[in-house]
Amino acid sequence: MAHPPAPWAIEPLRHWTHRLLAAMIQLLTSVFVQPVMEDPKAQQTPLKKNRRSRADSIREALPPGPLSSIAKRAARQALSFVHILTWIPNYSKDDIVCDIIAGITIGLTMLPQSLAYALLAGLSPQYGLYSSFVGTLIYIVFGTVKEVSIGPTSLMALLTYEYTRDHPVEFVILLTFLTGCMELLFGILHLGVLVDFISAPVLSGFTAATSVVIGEAQMKGLLGIKYKSVGFIDNVWKLFSHMKETKPGDAILGVSSMIFLLSFRKLKDIPVGKLFSDGKLPNESNPKARVVEKILWFLTIGRNALIVLIGGILSFVFERNWGVAPFALSGQIDPGFPSFQPPPFQATYANTTYNFGEMASELGTGILIVPVVSVLVNIAIAKAYGTLIMLALGFLTPYFYYIPRATLSAVLICAVMFMADFGIYKKLWQTSKQDFLAAILTFVVCLLLGIEIGLLLGVALNCGHLLYLWARPRINVEHKKMPGGRDYLMVTLDTGLYFPAIEFIRMELGRIGVSEGDGVQPLVLNCEHFKGLDYSAAMGFVSVMKEYKKRAQPIVLMNLKDDALSLLQKLCVYDAIHCTSEGELAAILYGEITDSEDTVLLNGVITAPSDGMDTPSPERHLSLDVGDGGSDPKALQ
């Protein structure tokens, strides 16, 4: 017989649902309706307090009970993943205006560049527009940083072409889908720390090589040459081999477009204030100067769109009056938005049908390389940018037919021209030959073997250098004296201690104890830089302790962390001799109590003597039991 539902789950459920809907309505209303405050002082309340009061009011709208706690937990989860819920209640009219201006400004820059990125990836121009607005609109809802965005870049277009060359567009779509899955997995596993292993010199060499590869790849579009190539060297060879096929119309338009773009890039640097200075107002306060500065700034930002517009008008005039343009055009672009459907897990190409496994096999290492490299790519963008791209897809795609390919190539070349910072190599040569070598090797390998291989080589060089520092730490040896005048050796390692370094340190400690301590002076190992110990390092210490025990030379660990000390005691099975100060060290070695530290060591434990009681000088036991047939205690008076 079925049990009846719980009493709170019947009629209260309907009431709770009504209250939850009311809370949602209140949340939506707060987005579009500004609360009216009767108290003028309340209007001066900081934004953070307003936001908190709204959240509190929404929580108060939920009735108490089990479902209310579930709803609150669900609301917290929603706020952590759907980040738009945290900022849109306070989205003001000023924010809207600023985002529209920023979106239009950046959109005018990225709209022609996205068309060029699609051509660089070997795709039709509309795919550059598709990739421009979809990711941006999704990031509005889930993104946490308003200054960053998701969109097409020259680097990702180049990598896409490398792994999907001579394949249909289904392979490109599948690669982007799998790249997104891999990046989602990276985020879940918090693998963003891997990017920290890419040093600035390696990144500089990688960026410089990327700009050279992309710029050289666009030369054929700039000159109107057509050929297929594989890799940078092959591209350079075929470029010079087909140089005689250069089309004058494309070359003239392409070079003129580059001159235009580079000239307009400097418009914002014109000292307008000095030209309009009248001696009455400061240069920055002159209204005419400010207007001209804004105009020049807008022309600088929108130079890409402006040159594309000029090239399109020229193409239209030639097509209308003479029937054909003297340079290559972008061609027909499919209007409208792409169809929303799952990515293709099957494709037919060259009379061969590929299933998902075969398509993934054709993509090869690109499934891993593309998402790893993509974390390096960031471009500034605003929320309104996606809207501008959508408007372009909806209304302007028929006119994209007239955009000259040479102009798009010029836009892309000028965009990557300033990515490389070749001035850093002189600084690296003067400051660090090792970083200079890493940057040069990354740059050369990127050009010769591919940008992804060059990047991986640079990361391998960084990791190798870090491993070497761990495996060969610097050892500082100091001859010190106790407050009573007794000598001892203080040995300090500049890094932590893990298994790659234990054999090196074991040999060095043995050598230091004999050569500098004459086999009798106590050796104090300063462990303040130790982050921890592993099993191999702990067993290495056992070997060191055995060696010092045989020649009756004391060895003490100073400033060893509790977790590392516990590991030594568990694995090595010996009374670890350790201290945290020179006062404790004197008590351990010689039974002396210094003025600064009123402590003694009793059976491996630091204790303080009781007031008014005579504390005899205890024996100091250096006992080591490591399963070698027994222990041989030594007493130090």
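A quick note: this is a predicted structure, and the numbers were derived from the prediction, not measured.

A. Geometry of the nonpolar core. Judged by nonpolar contacts, the single largest core of 71 residues is most densely connected at Leu159 and Ile451. By size, the runner-up hydrophobic cluster in this structure holds 26 residues, among which are Ala501, Ile502, Met545 and Leu557.

B. Representation of the pattern of salt bridges within the structure. Per the stated rule, a full pass over the model turns up 8 salt bridges. As a salt-bridge pair, Lys228 and Asp166 come within 3.9 Å of each other at their nearest N and O atoms. Remark: Asp166 occurs in the loop between helix H7 (154–164) and helix H8 (169–188) and Lys228 occurs in the loop between helix H10 (219–223) and helix H11 (231–241); sequence separation between them is 62 residues. Judged by relative accessible area, Asp166 falls into the partly exposed class, the value being 48%.

C. Inspection of the packing of aromatic side chains at higher detail. All told, the structure shown has 12 aromatic pairs when counted by the stated rule. Considering the side-chain rings of Tyr127 and Tyr130, the 5.5 Å spacing of their centres and the 80 degrees angle between planes classify their relative orientation as edge-to-face. Highlighted residues: Tyr127 and Tyr130, both in helix H6 (residues 125–142), separated by 3 residues, approximately one helical turn. Using a relative accessible area of 28% as the deciding quantity, one classes Tyr127 as partly exposed.

D. Looking closely at the state of the cysteines. Applying the stated rule across the entire model yields 0 disulfides. Among the cysteines around Cys579, which has no disulfide bond, Cys527 carries the closest sulfur, lying 9.3 Å off.

E. Up close: the confidence of the model for the chain. Residues at a pLDDT of 70 or more form 73% of the chain, whose mean pLDDT is 75. Mean pLDDT across the elements of the chain bottoms out in strand E11 (residues 634–636) (33) and peaks in helix H12 (residues 248–265) (93). Here residues 1–18 scores under 50 on pLDDT; set against residues more than four positions off or in separate chains, the count is 10 contacts. For residues 593–637, every residue scores under 50 in pLDDT, and the model assigns this stretch 71 contacts once sequence neighbours within four places are set aside.

F. Structural view of the sheet that holds strand E3 (residues 475–481). Pairing is mixed in the open sheet, where 5 strands are placed in the order E3-E4-E5-E6-E7. Sheet topology places E3 and strand E7 (578–579) at the edges, where each strand pairs with a single neighbour. Along the sheet, helix H24 (residues 535–550) contacts strand E5 (523–526) and strand E6 (555–558); its crossing angle with E6, the most-contacted strand, is approximately 140 degrees.

G. Spatial organisation of helix H26 (residues 582–590). In terms of residue burial, H26 counts as a mostly covered element, since 8 of its 9 residues are buried. Listing the buried residues of H26 in full gives Gly583, Glu584, Leu585, Ala586, Ala587, Ile588, Leu589 and Tyr590.

H. Structural view of the packing of H7 against helix H9 (residues 200–217). One can describe the packing of H7 onto H9 by two numbers: an axis separation of 10 Å at closest approach and a directional angle of 70 degrees. With respect to H9, the axis of H7 lies roughly perpendicular. Of the two elements, H7 crosses H9, and the hand of that crossing is left-handed. Contacts between H7 and H9 involve Ser154, Leu155 and Leu158 on the former and, on the latter, Phe206, Thr210, Val213 and Ile214.

Quick notes on the rules
Residues numbered from 1 in each chain as written. Predicted model: local features only at pLDDT ≥ 70, side-chain atom pairs only at ≥ 80, totals over all residues. Heavy atoms only, no water. Core = buried A, V, L, I, M, F, W, Y, C linked by side-chain atoms within 4.5 Å. Buried < 20%, exposed > 50% of the residue type's maximum accessible area, 1.4 Å probe, protein only. Salt bridge = Lys/Arg side-chain N within 4 Å of Asp/Glu carboxyl O. Helix = DSSP H or I, 4+ residues; strand = E, 2+ residues; numbered from the N terminus. Phe/Tyr/Trp six-rings, centres within 6.5 Å; stacked < 30°, edge-to-face > 60°. Disulfide = S-S within 2.5 Å. pLDDT = per-residue confidence, 0-100. Contact = heavy atoms within 4.5 Å. Pairing = 2+ DSSP bridges. Axes fitted to C-alpha atoms, helices over the stretch in contact; angles between N-to-C directions. Parallel < 35°, antiparallel > 145°, perpendicular 65-115°, else oblique. Left-handed = near helix turned anticlockwise from the far one by under 90°.

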